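A closer look at the structure
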Amino acid sequence: MPAFAMACFGIAAGIGVARFGVGLQDALAALHAGASQTLGLAGALAMVSHYLFPSEGRKEIGIIAAILSAACAIFWFAQPLLGPVFLLALMLACVTSIMRPGASRPLWLVPIACAVMLANTLFIRRAAWLDEAVAWHVYHVVIALALAALAKGLMPVARSVR
């Protein structure tokens, strides 16, 4: 499930990189916005799922299908709920990663990464006290750092072969 979550975040980021790197800002604007919102929500829901449900015996394909279906349904039919559900999923991921820490070390890295993503979304993304371009650049740099911390925090500790 963590790999799926990181793939969701990575695909959205990849579209953004292609959008600006190739000079297709206008052509890929709607795709980037839709993918960022839908896949960001799916990634956050996957994080919650990872901590709420033990990996033994669960049908991850079914959970992934349900997550993608829910994220797409919210994007297409209930867009005003997209932001609140994303924020709620980030809060739940933060809390559940504290309550049910996984096999990764250090244990504090995932909740900190989730909290940084949450704060970044709430306070930087559309900050009135920053110029719009500056806010978007700061937002994306902080998201990249939080995702790097999240990826590191989700890596399980290698078991000793002794």
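Quick look at the structure, then. What you see is a predicted model, and the numbers here were worked out from it, not measured in a lab. (Residues numbered from 1 in each chain as written. Predicted model: local features only at pLDDT ≥ 70, side-chain atom pairs only at ≥ 80, totals over all residues. Heavy atoms only, no water.)

The residue Phe 9 is located in helix H1 (residues 2–21) in this model. Taking C-alpha positions, Phe 9 is 9.1 Å from Ala 35, a pair spaced 26 residues apart along the chain. With near-sequence residues (within four places) excluded, Phe 9 lies in contact with Gly 40, Gly 43, Ala 44, Met 117, Leu 147 and Leu 150. (Helix = DSSP H or I, 4+ residues; strand = E, 2+ residues; numbered from the N terminus. Contact = heavy atoms within 4.5 Å.)

In this section: the layout of surface pockets. Empty space within the largest pocket amounts to approximately 1,100 Å³. As for the largest pocket, its lining consists of 30 residues, and the residues nearest its centre are Ser 36, Arg 125, Trp 136, Tyr 139 and His 140. At the level of elements, H1, helix H2 (29–52), helix H4 (82–99), helix H5 (109–123) and helix H6 (132–154) are the ones that each hand at least two residues to the lining of the largest pocket. When grouped by side-chain class, the residues that make up the lining of the largest pocket number 18 nonpolar, nine polar and three charged. (1 Å grid on protein atoms, 1.4 Å probe; cavity = no way out; pocket = protein on both sides within 12 Å on 5 of 7 lines; lining within 4 Å. Points joined across faces, edges and corners; volume = space filled by probe spheres on them. Nonpolar A, V, L, I, M, F, W, Y, C, P; charged D, E, K, R; others polar.)

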